[in-house]
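One letter stands for each residue in the lines below.
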Amino acid sequence: MAPELPPQEIVRRVMIEKDASLSGQYRVLPPRRKTSFLKVKSASDVVPDCPVAPELVKPSKDRNDSEDSENDSQSSSDEEDSPKSASPNRQTDDAILDSLTQFKPIRPLRSIEDVYHNLVLIGHSIAETGKVFKKVGSGLLQFTNEPTQDGAFCARIAVGEFVLVEVCDRDRKLAKRGVEAAFFKKAAMFCYQLTPKISKKNLSTAIAREEYNIEFYRDMILNFSKDCVEQELVFSAEFTKPERKMLQSFAQRINLRANQIGSKNARHLRVYGRRLPALAIVERIVVHKDPALSARYEVTPPRIGARIVDGDGL
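All values reported here derive from a predicted model rather than from experimental measurement.

A. Here's a closer look at the environment of L29. As for its placement among the helices and strands, L29 is situated in the loop between α2 (20-25) and α3 (63-72). For L29, a relative accessible area of 58% gives the class exposed. Counting along the chain gives 18 residues from L29 to V11, while the straight-line C-alpha distance between them is 9.3 Å.

B. Inspection of unusual backbone geometry at higher detail. For the peptide bond that leads from R107 to P108, omega is 0 degrees, which places it in the cis range. Inspection of the secondary structure puts P108 in the loop between α4 (88-98) and α5 (112-118). The phi dihedral of N255 falls on the positive side, at around 65 degrees, and the residue is not glycine. Of note, N255 is situated in the loop between α9 (241-253) and β8 (257-261). Non-glycine residue K289 carries a positive phi angle of around 55 degrees. Its place among the elements puts K289 in the loop between α10 (278-286) and α11 (291-296). Look at K289 and you get exposed, because its relative accessible area is 51%.

C. Focus on helix α7 (residues 172-190). Between its terminal C-alpha atoms α7 stretches 28 Å, which fits the 27 Å expected from 19 residues at 1.5 Å a residue. Buried residues of α7: R172, A175, V179, A182, F183, F184, A187, A188, M189 and F190, and no others. For α7, the N-terminal cap is D171; the gap from its side-chain oxygen to the backbone nitrogen of K173 is 2.9 Å.

Calculation rules
Residues numbered from 1 in each chain as written. Predicted model: local features only at pLDDT ≥ 70, side-chain atom pairs only at ≥ 80, totals over all residues. Heavy atoms only, no water. Helix = DSSP H or I, 4+ residues; strand = E, 2+ residues; numbered from the N terminus. Buried < 20%, exposed > 50% of the residue type's maximum accessible area, 1.4 Å probe, protein only. Expected span 1.5 Å × (residues − 1). Polar contact = N/O pair within 3.5 Å; in protein donor to acceptor, adjacent residues only side chain to side chain.

Here's what the structure looks like:
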């Protein structure tokens, strides 16, 4: 008689490996939100396969070590990285996030489950994922890679006190690669993922100078601010310097980002449409079936804990 499998192994084989035999014997129900995760005190509780990290020692004052430490650590003390910015864009993002239903962020964070609820993976980029998570205003996605007393390196990704993944290795680069791979593997179980389908270059619209009053182009920017998200307007070098300056000032007054790019004789004005928070993009695609955003992004639901929309989990 074959030995009886432990419950954790049964869940893993049914949910991850889709074991047909075990699926016929057992029905696995995903955990209910608010109770499926507990606050962790150490990384070993988050990644059971990772050895317990030895006590960390302070990085060496060696010049190379200092440079590596700066590259491998993200400090939350920088004022520019503070999620409590009071800029108009910050206020707009907060208003959009507060209006969400299925994907409204949880603030403040009380559990590691809350972290995963607020987190949206952007492709397979740690940097982009960290940027959009920062806009939620519930903390920073922090990466550290520190030496240990036994000469190894311990790489960790955490949000505040909540350690998401930790990997230790004798090689610093391997520790970094390992923790990034572990992060995406684990986060994909509980988080939605956004993958752009269209290059940013294809989201811009070139505007030539025609025989219209300059007010016509102001109205164009105003309508653009209301209807066009994740897009750009590019006013060609045919516009005079005073015209570009006036249009840029108008765009900035209505809280659109705008700047002038190019050399003196080929300078053009670029106006950026509203950038939606990642959670808002996911909700518009999953809940509201937004055709424009659906054409620009592919949404991959988590393997566990997908939101239920009209009876369907996505």
